[in-house]
Amino acid sequence: MYTVIRLGSRESALAVKQAEIIKGLLEKEAPGIKAEIVTMKTAGDRILDKSLEKIGGKGLFVKELDHALAEGRIDLAVHSLKDMPMEEREDLPVLLYSRREDPRDALLLKKGLGGLPESPVIGTSSRRRTLQMEALYPGCTFRGIRGNVQTRMRRLETEGYDGTILAAAGLKRLGLEREIFRYFSVEEMVPAAGQGILAVQGRQGETYEWMERLDCPQSRAAAQAERQFIRAVDGGCTSPCAAYARVNGNELKLDGLYFDEKTGQYVKGSVCTDMAHAVHAGEKLAQELMRRI
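This one's a predicted model, so the numbers in the text were calculated from it and none came from an experiment.

Chemist: Would you explain the overall build of the chain in this entry?
Modeler: Across its full length, the chain carries nine helices and 13 strands. Computed over C-alpha atoms, the radius of gyration of the chain comes to 19 Å, within 12% of the 19 Å expected from 2.2 N^0.38 for 293 residues, which places it in the range of a compact globule. On the principal axes, the C-alpha backbone points of the chain span a range of 60 × 45 × 35 Å. Counting across all 293 residues of the chain, residues that qualify as buried make up 53%.

Set out below in structure tokens:
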């Protein structure tokens, strides 16, 4: 006799693949659990002709799933952590963080190109990527591009772009790593906080005794450090501020990028600490970088 768990997911191919990863983990590690995936289209998926900054930010990718979870129409919600707002709901806690996939950003080129031409047109709606790409490839022109992975790859071929930048994690989960022209190191392009980590939300007050053993402690610590850094620098959903933490044994190293909206300047830095002090690391690095501008 199985206990059926309904996993809520956005309906894009990548979101479903990510939900399937969690479904496989649940069914393997929690005997007696049978997971079903329930998909829905979010406002962030429907509105593609405007930047996130203009339509309400990252919360548009989670609002429908939050409602479904709170109302009991699903039992758990699966998200890319980088798409979740920094302010978390107490009634819908994150129960587990997955093992992290490749955190790097990757450059894709229009078919037929062997490299970026002079003065290339890069498709990205991310201020974080634009800021760091300008430093690596001066002379780029940037044009907005939104949509799921397949939509962006199609638009790359048909709408006058020379290249676009996507998260390596998503491309790898979809088996599309062969499309990558080059990876950016995490030093060249500090990733979005949470990039490569999946987060699973549940409802406060319910018992999920099998969840604790599925949680990845290294990912949890990295998530806490990165997201606290973004909160401490007041980096909103469209801010270029970025953070990436790596855990080696009990040591956590946090890299951060702080952008000052008033001056247009940015600075990068890092801090090392014990994994148990992840939240403090985020706070400490934020204060250090803000003092440097």
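Chemist: Mind showing me how you'd approach the sheet that holds strand β1 (residues 3-10) here?
Modeler: Whether parallel or antiparallel, the strands of a sheet pair through hydrogen bonds between backbone atoms. Strands sit in the order β2-β1-β3-β10-β4 across an open sheet of five strands; the sheet is mixed. Unpaired on one side and paired on the other, β2 (33-40) and β4 (94-97) mark the two borders of the sheet. When the angles between neighbouring strand axes are averaged without regard to direction, this sheet yields 30 degrees. As paired strands, β1 and strand β3 (residues 76-80) are joined by two bridges and run parallel to one another. Bridged to G8 within β3 is A77. Docked against the sheet, helix α1 (residues 13-29) engages β1, β2, β3, β4 and β10 (198-201), running at close to 165 degrees with respect to β2.

Chemist: Sorry if this is basic, but what is going on with the packing of aromatic side chains here?
Modeler: The geometry of an aromatic ring pair comes down to the distance between the two centres and the angle between the two planes. Counted under the stated rule, the structure contains one aromatic pair. For the ring pair Y208 and W210, a centre distance of 6.0 Å and an interplane angle of 90 degrees mean the geometry is edge-to-face. On the basis of relative accessible area, Y208 is assigned to the buried category, the value being 14%. Here K34 stacks its cationic end above the ring of Y2, 5.7 Å away from the centre of that ring. The ring centre of Y183 lies 4.0 Å from the NZ or CZ of R104, which sits over that ring.

Chemist: Explanation requested: the environment of S270 in the structure shown.
Modeler: Considering the arrangement of structural elements, one finds S270 in strand β13 (residues 266-274). For S270, a relative accessible area of 36% puts it in the partly exposed group. With 84 residues separating them along the chain, S270 and V186 place their C-alpha atoms 12 Å apart. When near neighbours in sequence (up to four residues on either side) are disregarded, S270 contacts K253, L254, D255, L285 and E288.

About the criteria used
- Throughout this description, residue numbers start from 1 for each chain and increase along the sequence as written.
- Residues qualify for local features only when their pLDDT is at least 70, as the model is predicted, and side-chain atom pairs are given and counted only at 80 or more; totals for whole chains, interfaces and linings, by contrast, use all residues.
- Side-chain measures here rest on the full set of heavy atoms in the structure, leaving out hydrogens and waters.
- Put simply, DSSP H or I for four residues or longer makes a helix, DSSP E for two residues or longer makes a strand, and each gets a number counted from the N terminus.
- Here the globule rule is a power law, 2.2 Å times the number of residues to the power 0.38, and the radius of gyration is based on C-alpha atoms.
- Remark: exposure states derive from per-residue accessible area (1.4 Å probe, protein chains only) relative to the maximum for the residue type, with buried under 20%, exposed over 50%, and partly exposed in between.
- Here a strand pair is declared whenever DSSP counts at least two bridges between the two strands.
- Only C-alpha atoms enter the line fits that serve as axes; for helices the fit covers just the stretch in contact. Angles between N-to-C directions range over 0 to 180 degrees.
- We call two residues in contact whenever any of their non-hydrogen atoms come within 4.5 Å of each other.
- Only centres within 6.5 Å qualify two rings of Phe, Tyr or Trp (six-membered ring in Trp) as a pair; their planes then separate them into stacked at under 30 degrees, edge-to-face at over 60, and tilted for everything else.
- Two limits define a charge over a ring: the Lys NZ or Arg CZ must be within 6 Å of the ring centre, and within 35 degrees of the ring normal.

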